[in-house]
Amino acid sequence: MSIFIDQGTRLLVQGITGRDGSFHTRQMIGYGTKVVAGVTPGKGGRLFDGVVPVFDTVADAVRDTRANAAVIYVPAAVAASAVYEAADAGLGLIVCITEGIPVLDMTKVLPYLHERGARLIGPNCPGLISPAQSKVGIIPGNICTPGRVGVVSRSGTLTYEIVHQLSTHGFGQSTCVGIGGDPLIGTHFTHCLSAFQADPETDAVVMIGEIGGTDEQQAAEFVAKGMTKPVIGFIAGQTAPPGRRMGHAGAIISGSSGTAAEKMAAFARAGISVMKRPADVAPLLRERL
Amino acid sequence: MSIFIDQGTRLLVQGITGRDGSFHTRQMIGYGTKVVAGVTPGKGGRLFDGVVPVFDTVADAVRDTRANAAVIYVPAAVAASAVYEAADAGLGLIVCITEGIPVLDMTKVLPYLHERGARLIGPNCPGLISPAQSKVGIIPGNICTPGRVGVVSRSGTLTYEIVHQLSTHGFGQSTCVGIGGDPLIGTHFTHCLSAFQADPETDAVVMIGEIGGTDEQQAAEFVAKGMTKPVIGFIAGQTAPPGRRMGHAGAIISGSSGTAAEKMAAFARAGISVMKRPADVAPLLRERL
Amino acid sequence: MNLHEYQARDILRRYGIPIPDGDVAESPAEARAVAQRLGGKVVVKAQVHAGGRGKAGGVQLAANADEAAAHASRILGMTIKGLTVHKVLVTPAADIASESYVGIIVDRASQRPVLMVSAAGGIDIEEVAATTPERIHRVAIDPRYGLLSHQALGLALRLYRDVGQARGAAGIMGNLYAACYAVGASLVEINPLVATPDGKILALDAKMVIDDNELDRRPEIAALRDASAEAPSEVQAREAGLTFIKLDGSVGCCVNGAGLAMATMDLVQYYGGAPANFLDIGGSSNPQKVVAALRIITADPHVKAILFNIFGGITRCDDVANGIVQATQQFPLHVPLVIRLTGTNEAEAVRILTAAGFSALTDMDEAVQQAVAQAGGAVGGGAA
Amino acid sequence: MNLHEYQARDILRRYGIPIPDGDVAESPAEARAVAQRLGGKVVVKAQVHAGGRGKAGGVQLAANADEAAAHASRILGMTIKGLTVHKVLVTPAADIASESYVGIIVDRASQRPVLMVSAAGGIDIEEVAATTPERIHRVAIDPRYGLLSHQALGLALRLYRDVGQARGAAGIMGNLYAACYAVGASLVEINPLVATPDGKILALDAKMVIDDNELDRRPEIAALRDASAEAPSEVQAREAGLTFIKLDGSVGCCVNGAGLAMATMDLVQYYGGAPANFLDIGGSSNPQKVVAALRIITADPHVKAILFNIFGGITRCDDVANGIVQATQQFPLHVPLVIRLTGTNEAEAVRILTAAGFSALTDMDEAVQQAVAQAGGAVGGGAA
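Conventions and cut-offs
Residues numbered from 1 in each chain as written. Chains lettered and ligands numbered in written order. Predicted model: local features only at pLDDT ≥ 70, side-chain atom pairs only at ≥ 80, totals over all residues. Heavy atoms only, no water. Helix = DSSP H or I, 4+ residues; strand = E, 2+ residues; numbered from the N terminus. Buried < 20%, exposed > 50% of the residue type's maximum accessible area, 1.4 Å probe, protein only. Contact = heavy atoms within 4.5 Å. Areas by Shrake-Rupley, 256 points an atom, 1.4 Å probe, with all protein chains shown as cover. Lys, Arg positive; Asp, Glu negative; His and termini not counted. Charge placed at Lys NZ, Arg CZ, Asp CG, Glu CD. Pairing = 2+ DSSP bridges. pLDDT = per-residue confidence, 0-100. Domains from an automatic or database assignment. Buried area = accessible area lost by both parts, 1.4 Å probe. Salt bridge = Lys/Arg side-chain N within 4 Å of Asp/Glu carboxyl O. Polar contact = N/O pair within 3.5 Å; in protein donor to acceptor, adjacent residues only side chain to side chain. Nonpolar A, V, L, I, M, F, W, Y, C, P; charged D, E, K, R; others polar.

Side note on the overall build of chain A
Check the secondary structure of chain A and you find 9 helices and 14 strands. Taking all 289 residues of chain A together, 64% fall into the buried category. By sequence separation, contacts in chain A at least 24 residues apart represent 72% of the contacts at least 6 residues apart. Entry remark: accessible area of chain A is about 9,600 Å², with carbon and sulfur atoms responsible for 51%. A distance of 2 Å separates the average location of the 24 positive side-chain charges in chain A from that of its 23 negative side-chain charges.

Focus on the sheet that holds strand 13 (residues 231-236) of chain A
Residue and element names in this part refer to chain A. A sheet is described by the order of its strands in space; here 7 strands give the open sequence 9-8-11-10-12-13-14, paired in mixed fashion. Across the chains shown, the open sheet's two edge strands, defined by having one partner strand only, are strand 9 (134-137) and strand 14 (273-274). As judged from the 3 bridges shared by strand 8 (residues 127-130) and strand 11 (residues 173-178), these two strands associate in the antiparallel manner. What sits directly across from I129, in strand 11, is C176.

Some words on the confidence of the model for chain A
Parts of the prediction with low pLDDT should not have their coordinates interpreted in detail. Summing up the model confidence of chain A, the mean pLDDT is 93 and the portion of residues at 70 or higher is 94%. Residue range residues 246-255 of chain A is modelled with pLDDT below 50. Its contacts to residues more than four positions away, or to other chains, number 41 contacts.

Regarding the domain arrangement of chain C
Structurally, chain C comprises domain 1 (21-92), domain 2 (98-222) and domain 3 (231-374). If you average the C-alpha positions of domain 1 of chain C and of domain 2 of chain C, the two centres end up 26 Å apart.

So, the environment of F23 of chain A
The residue F23 of chain A is located in helix 1 (residues 19-31) in this model. For the pair F23 of chain A and V74 of chain A, spaced 51 residues apart in sequence, the C-alpha separation works out to 13 Å.

Things to note about the pairing of strand 2 (residues 42-47) of chain C
All names here are of chain C. The buried fraction of strand 2 is high, at 6 of 6 residues. Bridge count for strand 2 against strand 6 (residues 87-92) is 6 bridges, and the pairing is antiparallel. Residue pairing in the sheet places V43 in a bridge with T91 of strand 6. Across 4 bridges, the pairing between strand 2 and strand 3 (residues 59-62) is antiparallel. Bridge assignment links V43 to a residue of strand 3, and that residue is L61.

Observations regarding the interface of chain A and chain D
Taken residue by residue, the interface counts 49 residues in chain A and 42 residues in chain D. With both chains or domains summed, chain A and chain D bury close to 3,800 Å², and 61% of this area falls on carbon and sulfur atoms. Seen at the junction of chain A and chain D, the total is 4 salt bridges. The shortest N-O distance in the salt bridge between R144 of chain D and E115 of chain A comes to 2.3 Å. For the pair chain A and chain D, the number of links is 15 residue pairs in polar contact (both at pLDDT 80 or more). Listed by contribution, the elements that provide at least two residues to the side of chain A that touches chain D are helix 4 (103-116), helix 5 (157-168) and strand 13 of chain A. The leading source of residues in the side of chain A that touches chain D is helix 4 of chain A, at 8 residues.

Side note on the confidence of the model for chain C
A residue-level look at chain C finds 98% of positions with pLDDT of 70 or above and a mean pLDDT of 92. Model confidence for the complex: the whole-complex pTM is 0.93, and ipTM, which rates the interface, is 0.92.

Some thoughts on the domain arrangement of chain A
Residue and element names in this part refer to chain A. Domain parsing of chain A yields domain 1 (10-121) and domain 2 (139-288). Taken together, the contact between domain 1 and domain 2 spans 9 residues of the former and 12 residues of the latter. For the pairing of domain 1 and domain 2, the buried interface totals around 780 Å² over both sides, and the portion due to carbon and sulfur atoms is 63%. Viewed at the interface, domain 2 and domain 1 are joined by 0 salt bridges. Going through the elements one at a time, helix 4 and strand 7 (119-121) are the ones with two or more residues in the side of domain 1 that touches domain 2. Broken down by element, the residue count for the side of domain 1 that touches domain 2 peaks at 4 residues, all from helix 4. Of the residues belonging to the side of domain 1 that touches domain 2, the class tally is 7 nonpolar, 1 polar and 1 charged.

In structure tokens, the structure reads:
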């Protein structure tokens, strides 16, 4: 099994004819993801690569193809609109890869999703992958192997690094989820931890956080109270100077609660094994499993 | 018994120190309504008429007095704001007497109430009265008598006329509700009919509609499907020329569905006894009870 | 409050909606000047708060400025549905490839503003709604989020296959929605929205109705009211704080509350009479309002009897009685007065009226029957 | 993007917030002219993107225009936290009865903008939050409805007992919220909001941070960027589409992805080195970005070794390799280069680098250790 996506995922790609959208759609199809529809306004009626029907609107696509998840590759200027459209069409899982959605837009997008019970992953995230089942987003399929470790991360390439370590050392993954580094995101560590805890085919979870915000502390609280499966944690940004941005808008240290030291301490208190560097992940997992 | 208000109603008056608010607060207290608090920003700490504590905000008033209903007499310019404040403070029943709230304001007020499960009666309504128990609003107490007929109406003075007919002919009332004549209102005929149907101390309902909208048709449908108690109906505006406003913004005939003839026909089809004039109410009730 | 087409155009243009050039004229000379400035063919359109102005000859195509002046001279002063035309709008005659309809109205059923579009524009949209409802596409807008881009584009794609044109139309819809909330409109329509042969999307005609409840907080919109375009008695009534609508009967009615006022008119008809008007003096009962009401009612030569029907609640019966007495001291009534009063301060009112030589009834049916009789009896077809 | 106080003032004034007169000056003569126009006592304030300018002597009271010019001459050119002051704001010295704080920030926890107020204004609000949190009152705003009047008034009544002043402050909060969404601010603060002895409410200082993601759609706000007020290397990086932050170490880092970049810096420290910078080349891997990155890193004389850490996903390793080769053709590096590349098009990248005389590693730990060693070894306190 897996969380959020599996072989039953019928994916719709918003922005399928764009540069990023078309590239990654081919990657996803190549990996085995069931891409059932694409949406680009004005290009309805065409076939993408001769196989995937393209529609003008998400509503049209859902009606004709029974898509149950969307991934968004459209430019930042129209990405919030794409999320609204996917939610309005009744899709329950929406993965937004696009980076650069203004945070004030997200303050309105999130309640809209909440009212409809839709799950958003991202924005500004690499998406997720359930190895050998389905890949939604941009995580390179070749670094992943099927297995029983869940991975959840605020980062992109750092996730790849750690997944690579896992695969190299024989730890396959149930699902890897990149939740995104923006200040306002749809799916938090706690949602993923809860799903991994409930997934009978996940034995342990690797959680990759970074400086800024208090999501990791909330996750630690959740682990302490509600998780029986082992959790290994990492926090990027130990050397970040206070008060400076480190690329992710999320990485602004707000008081001491956002520092790496505080987060690592919260992890330790909650019984989470704390990695000092990415290469620690396999040894720590071996200890806990 | 009664619907919406009874002896347990602990009323808060928004705009208690205003001209209308102070006048009607005295009337309500005189009738026996438990007025537990008043709100006028800047006048917090005073006592109205030496007995009712006045607060700056509804939240303060609710915290200190456990008020469970609000009635609003503030000017139109601040009436929508008063409704928001009452709902935000957790009040479950809000009666807005004020006339003149822009309909576009109401398009936002209504979902706010809905999200909080609060019932709004009005705006632009005379309020409601459960004779000998509680009066919230401006319906003259002296024309009402306690009894077992429920009254629900879109009109103000026409309601008084019909209640007067009922009392004169020996039909007391369980509750009389004026739902207001505006295009967008919080409580509709169907809500009141449903409550009256469930109220063991209501035996029959008098429903007073007017031209405009399709509320009466929906009410007729509800009666046909869900009501076992007899309903007597009246529609004002049989002589209104099509397409002209008759004072209530609600009384714009939109297509044939808003005409008096169409509404009276819908009533008749649903088994509602249709009055031709206010004086018909007592004879028709006598027939049905 | 209805706005004229030229006023609605100005507002929509301010909100970024593409609208052809043009200007309003109050004389043939002004119309000629506007047409000269515009050059080429122009359309001269009556500015009047009534539908069907086209059928009434209030919209004319002119090949040049002289023709525009000639049309203006014919249209200005024309009467359409009882209203005199005082202004014309002169605009360039646009080349049109297709005509659509776009409108926003607050819908009572969904309690939301509804955006409606139809590719069958340029004609009476109510006709389209009645005969081919499937040609009207609509979306209820959640005002907490506003009109979302995908909603607008989804509807626009029903009007235009070309995605560039659809985006243009969707942008116009977004601006129309913004204008709606910004000026407090209960109805806004663009009919027709046209595509020109070179692919541009333009609003050729605009209609806007402002919610009267918005006017207090929007003085700049309230200032657009054109009293010359309304019936004088209704202007007079509004200024006195009354709601008045002129009808064709002989029984003048003065009532407190819109519902009771309609029920009173209905009862006049029930007893065989015909109401001369709808008149609601409203909740408060300032005697001056009663004086104003009587002045308006008595100005109608068809009125043969006047009926007061007052159920006192907020309205105090003594205030109404004082108003009646004051009015009769200021001007003669010439017609009989039937007064029904009950409720708040009824006894005091009866005392005041009796002292002034009037009698007062307490039963509504009785009062209406008397008024109908005094106005000359049943006009035929009555029920009683 | 940070705005200067004078820019934030202009925006807030445009949104109806009462702000004292005043103007920006870039020379003592200009400051004298502004002070002369204003008359009376003035305050001369350094316009710089750094906190604590008061303590640094960047805010001075002047009794007259000559004093204003003298203060301006001292403040202009002053360095505050590494940033040079190029502009001063000259405003009238206001009489102050009380000072409050009002701010709006988007809160990650509630996922909403939060309006915060405190009667303890005029001083460092973070200090107040840390020591007397009960003196800060806040309300999370539901952006679907906006800031509701009763929410603003409820907070304003915490600042002012007088309901007139509270209404004034509530109005300012409403305008502040509107400005926030209108310009795309992630933070707006008025500190202090003052009551004058005659009871008026004024915003004396304003701070505004714009969400960088808003700039594309708000060119008029993006145009407010003052590159002269930022570190030149960061300006250069931003213009090349890179995220760069200068630090104090000797290992120059060039990484794709912010998280991996931070983890790389952490690993440099873990192995006893010190990172010279944070540099994220982002998702796309245009060779020109790599050239620009190398140009910026090599400009820092403290850099003793350069570390590339690329995990190819969207980023193509061959693009990065090409960038490295192009850079070395354009300018000399002078310091050793350690390259770690893995993922998309890794083999092609290795071929390109090898052909150009570079070697490439695939293990992150190995690469970091080599870079630390080449930069002169552990600086002490390292873990390995």
